[in-house]
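Take a look at the letters that make up each chain.
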Amino acid sequence: MATSTTGSTLLQPLSNAVRLPVDQVNFVVCQLFALLAAIWFRTYLHSSKTSPFIRHVVATLLGLYLALFCFGWYALHFVIQSGISYYLMIIIGVENMHNPMMIITQKITSLAFEIHDGMFRKNEDLTPSQRCLAVRRMPSLLEYLSYNCNFMGILAGPLCSYKDYITFIEGRSYQLQQSEANGKEDTKYEQTDPSPNIAVAQKLLICGLSLLFHMTITKTLPVEYNIDENFRATASWPVRVFYLYLSLMAARPKYYFAWTLADAINNAAGFGFRGYDKNGVTRWDLISNLRIQQIESSTSFKMFLDNWNIQTALWLKRVCYERATFSPTIQTFILSAIWHGVYPGYYLTFLTGVLMTLAARAIRNNIRHYFVESPAVKLCYDIITWMTTQVAISYTVVPFVLLSVKPSFTFYSSCYFCLHIASILVLLVFPLKRTQKGNKQHESIQPVWSKKLEEENLLQKNSYSTTNNSFSQKEEITCRYQALKQ
């Protein structure tokens, strides 16, 4: 399959054999090479055997080589973008960098805010998570390039905080903070590094199944068929809704493949360790980007978003939602659309997402408490909300896949903009804030699920990682422990 690419055409014969564009073949092959390189990196360039300087240099050079192979001279974008941003941080000062230019990449904006929090804001003005992630010294150029261009994440991420990455490079990521069952703090230091082999093998299995699904079933369920004139004219409403769900569900495995493979590469290099669960089993999900089981079983719009593209959601929360002075939900969705690109479909999806999120929040706050007292009633409620959520998600993201305005409006108009109208009616009828009865119900069940919430916050705050050398181990442990309580 001959396609235009600025990257290497060395794998063109393989591209023709598997009938995939050469740029996609380059991406997959480079990621598999990065997986092998990650194993070599962890084995032969372990932090106990070599210096952080060497690890930075190797990670950066390998990353730039993979970018060059995939994108050709376009790979200069990585170097130029990082170099200009670093120059501005040094010459102009980080306190002057909060402008639209900084929305180019997640890593640059994240680090800009982390440096701003650590060097230009008072400690008492920071939230617990901001305090833990704050960077209190200017990175060197090598550290900065290594963070932005390392081979483990240059092609598909995932995003990680600067301090977690530096902690990994310097070999301090296995110092754990654990809390005993009685609530007392117990700090333990592992003498040997935990092995990521089982976690990597499991994620590679998921990659294989996702790729198989994408290569076989996804092609038989194109999203574009939702706007086919004959299908719209002849299919009944239940059939159209069912196909809508199936086609968008079938579109997700390619993301499962790419993000899970990226996670496995980082794990293979020794990056991504988050500690041990209560049974002593290692957890390698510090920078995981999705939770497939929770995505497919989501019973609310928020639950889906919290488990899909997790690191991007955390980035949006840290750089926008927590810092917005008004309408944080709307601002966050707009930023997400801008970050994704210029296609109109992205903006239609995220503007629709604002309506869906606010409407779902209003319904949950006002009526959910009526259905949680009886297990049987709650089961029925969960089934109904699962069906509603899956249809709403599918309805919302159709423009994201179709990209253009005309086909997107063709789809929405064929549905009479039904969920848009329904969302607006919900917002007119129900208040966004929880009702008094809902508040009492919420308070009564708080002790039951508070431990689960703390565990979730543990993931979101990257709570098992350590910080830079300016913090002592005791200070860092206290900081991370307090972040759990936020």
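The residue count restarts for each chain, going from 1 along the sequence in the order it is written. Totals for whole chains, interfaces and linings use all residues, but because this is a predicted model, local features are given only for residues with pLDDT of at least 70 and pairs of side-chain atoms are given and counted only at 80 or more. Think of the side-chain values as coming from all heavy atoms in the structure, minus any hydrogens and water.

Participant: What am I meant to see in the overall build of the protein chain here?
Facilitator: Numbering of helices and strands runs from the N terminus; a helix is a DSSP stretch of H or I covering at least four residues, while a strand is a stretch of E covering at least two. Along its length, the protein chain carries 22 helices and four strands. Contacts are residue-level and defined by heavy atoms, with any inter-residue pair within 4.5 Å sufficient. Within the protein chain, residue pairs in contact and separated by at least 24 positions form 67% of the contacts whose partners lie at least 6 positions apart.

Participant: Could you clarify how one ought to interpret the packing of aromatic side chains in this entry?
Facilitator: Describing an aromatic ring pair means giving the distance of the ring centres and the angle of the ring planes. Any two rings among Phe, Tyr and Trp, with Trp reduced to its six-membered ring, count as a pair given centres within 6.5 Å; such a pair is stacked if its planes are under 30 degrees apart, edge-to-face if over 60, and tilted if neither. Considering all chains together, one arrives at 30 aromatic pairs under this definition. Ring geometry for Phe350 and Phe400: centres 6.1 Å apart, planes at 90°, overall edge-to-face. Pair noted here: Phe350 is in helix 17 (residues 344-367) and Phe400 is in helix 18 (residues 375-402), with a separation of 50 residues, a long-range link. The same class applies to Phe350 and to Phe400, which are both buried. For the ring pair Tyr395 and Phe411, a centre distance of 5.9 Å and an interplane angle of 55° mean the geometry is tilted. Buried residues are those whose accessible area, probed at 1.4 Å on protein chains only, stays under 20% of the maximum for their type, while exposed residues exceed 50% and partly exposed ones sit between those limits.

Participant: Just checking my understanding: could you explain unusual backbone geometry for this structure?
Facilitator: Of all residues except glycine, most have a negative phi; of all peptide bonds, most are trans. In this chain, Gly157 is followed by Pro158 through a cis amide linkage whose omega measures 0°. Here Pro158 shows up in the loop between helix 7 (141-149) and helix 8 (162-169). One non-glycine residue, Phe417, lies in the positive phi region at around 50°. Within the fold, Phe417 resides in the loop between helix 19 (405-414) and helix 20 (418-429). Using a relative accessible area of 30% as the deciding quantity, one classes Phe417 as partly exposed.

Participant: Quick question: what am I supposed to make of a nonpolar patch on the surface here?
Facilitator: Nonpolar side chains (Val, Leu, Ile, Met, Phe, Trp, Tyr) are joined into patches within 5 Å and like charges within 9 Å, using only residues with over 30% relative accessible area and no salt bridge. All accessible areas in this document rest on Shrake-Rupley with a 1.4 Å probe, and a residue is counted as covered only by the protein chains that are shown. In the sections that follow, a salt bridge refers to a side-chain nitrogen of Lys or Arg positioned within 4 Å of a carboxyl oxygen of Asp or Glu. The grouping of Phe71, Trp73, Tyr74, Leu76, Ile80 and Ile84 at the surface amounts to a nonpolar patch, some 650 Å² of accessible area in total. Here the nonpolar patch takes three residues from helix 4 (residues 76-91), the largest share from any one element. Checked against the element boundaries, Leu76 lands in helix 4. Owing to a relative accessible area of 51%, Leu76 belongs among the exposed residues under this scheme.

Participant: Looking at this structure, I do not really get helix 8. What am I missing?
Facilitator: One turn of the α-helix equals 3.6 residues, which is why residues spaced by three or four share an orientation. Of all eight residues making up helix 8, eight are buried, and the element is well covered by its neighbours. Gly171, located one to two residues past helix 8, shows a positive phi value of around 80°.

Participant: Please explain the nonpolar core as it appears in this structure.
Facilitator: In summary, soluble globular proteins display a tendency toward joint burial of nonpolar side chains. Ranked by size, the top nonpolar core spans 53 residues in total, and within it Phe41, Phe151, Tyr165 and Phe168 carry the most contacts. Elements represented by at least two residues in this core include exactly helix 2 (22-44), helix 3 (52-71), helix 5 (106-120), helix 7, helix 8, helix 9 (197-216), helix 12 (253-268) and helix 15 (310-321). Those residues in contact with Phe151 that lie beyond four places of it in its chain are Ala34, Ala37, Ala38, Phe41, Ala59, Leu62, Gly63 and Leu66. The set of buried Ala, Val, Leu, Ile, Met, Phe, Trp, Tyr and Cys residues whose side-chain atoms join them within 4.5 Å is what this entry labels a nonpolar core. Core analysis: the second largest hydrophobic core is formed by 21 residues, Leu244, Val398, Leu402 and Phe411 among them.

Participant: How should I be thinking about the UniProt feature "transmembrane region" (unreviewed entry) in the protein chain in this particular structure?
Facilitator: UniProt positions are given in the numbering used here, feature names are shortened, and annotations may be inferred rather than shown by experiment. The feature "transmembrane region" (unreviewed entry), as annotated in UniProt, sits at residues 24-41, 53-74, 80-97, 345-363, 383-403 and 409-430 in this numbering. The span residues 24-41 is 100% helical and 0% strand by assignment, and the distance between its end C-alpha atoms comes to 25 Å.

Participant: Is there a simple way to explain helix 15 in this structure?
Facilitator: Extensive coverage of helix 15 is indicated by the burial of nine of its 12 residues. By the burial criterion, the buried members of helix 15 are Ile310, Gln311, Thr312, Leu314, Trp315, Leu316, Arg318, Val319 and Cys320.

Participant: How should the pattern of salt bridges be read in this particular structure?
Facilitator: As a working rule, side chains carrying opposite charge can pair if their charged atoms are close by. Applying the stated criterion across every chain yields a total of 10 salt bridges. Asp117 is paired through a salt bridge with Arg323; the nearest N and O atoms lie 2.7 Å apart. Here the residue Asp117 occupies a position in helix 5, and Arg323 occupies one in the loop between helix 15 and helix 16 (328-340), the gap between them amounting to 206 residues. Glu170 is the partner of Arg172 in a salt bridge, and the nearest nitrogen-oxygen pair spans 2.8 Å. Residue classification places Arg172 among the buried residues on the basis of a relative accessible area of 15%. Members of the salt-bridge network, linked through shared partners, are Asp117, Arg121 and Arg323.

Participant: I keep staring at the environment of Leu64 and nothing clicks. Help me out?
Facilitator: By the secondary structure assignment, Leu64 is in helix 3. Linking Leu64 and Phe151, residues 87 residues apart in sequence, is a C-alpha distance of 7.1 Å. Residues contacting Leu64, with those up to four places away along its chain left out, are Val79, Cys149 and Ile154.

Participant: I tried to follow the state of the cysteines on my own but got confused; where do I start?
Facilitator: Where two cysteines share a covalent bond between their sulfur atoms, that bond is called a disulfide. Cysteine sulfur atoms are paired as a disulfide whenever they fall within 2.5 Å. A full pass over the atoms with the stated rule returns zero disulfides. Cys70 provides the cysteine sulfur closest to Cys30, a residue in no disulfide bond, and the two sulfurs are 3.6 Å apart. A residue is classified by how much of its surface remains accessible, and Cys30, at 4% relative accessible area, is buried.

Participant: Would you mind going over the side chain of Ser336 with me for this structure?
Facilitator: Of note, Ser336 is situated in helix 16. The exposure class assigned to Ser336 is buried, which follows from its relative accessible area of 5%. The residues contacting Ser336, other than those within four sequence positions of it, are Leu316 and Phe350.

Participant: Could you clarify how one ought to interpret the confidence of the model for the protein chain in this entry?
Facilitator: Across the protein chain, the average pLDDT comes to 81, with 80% of residues at 70 or higher. For every residue, the predictor assigns a confidence score, pLDDT, that lies between 0 and 100. Within the protein chain, helix 21 (residues 436-460) has the poorest average pLDDT of any element, 42, and helix 11 (residues 237-250) the best, 95. Counting interchain partners and residues more than four positions distant, the pLDDT-below-50 stretch residues 94-103 has 22 contacts.

Participant: How should I be thinking about the packing of helix 2 against helix 3 in this particular structure?
Facilitator: Packed helices, taken two at a time, are described by their axes: the angle between them and the distance between them. Helix axes are fitted to C-alpha atoms over the stretch in contact, other axes to C-alpha atoms as well, and angles between N-to-C directions run from 0 to 180 degrees. For the pair helix 2 and helix 3, interaxial distance at closest approach is 10 Å and the crossing angle is 165°. Of the possible angle classes, the one that applies to helix 2 and helix 3 is roughly antiparallel. Classified by chirality, the crossing of helix 3 by helix 2 is right-handed. Facing Asn26, Phe27, Cys30, Phe33, Ala34, Ala37, Trp40 and Phe41 of helix 2, the residues of helix 3 in contact are Arg55, Val58, Ala59, Leu62, Leu66, Phe69 and Cys70. What sets the label is the angle itself: under 35 degrees gives roughly parallel, over 145 gives roughly antiparallel, 65 to 115 gives roughly perpendicular, and the rest give oblique. Note: crossing handedness is left-handed where the near helix turns anticlockwise from the far helix by less than a right angle, and right-handed where it turns clockwise.

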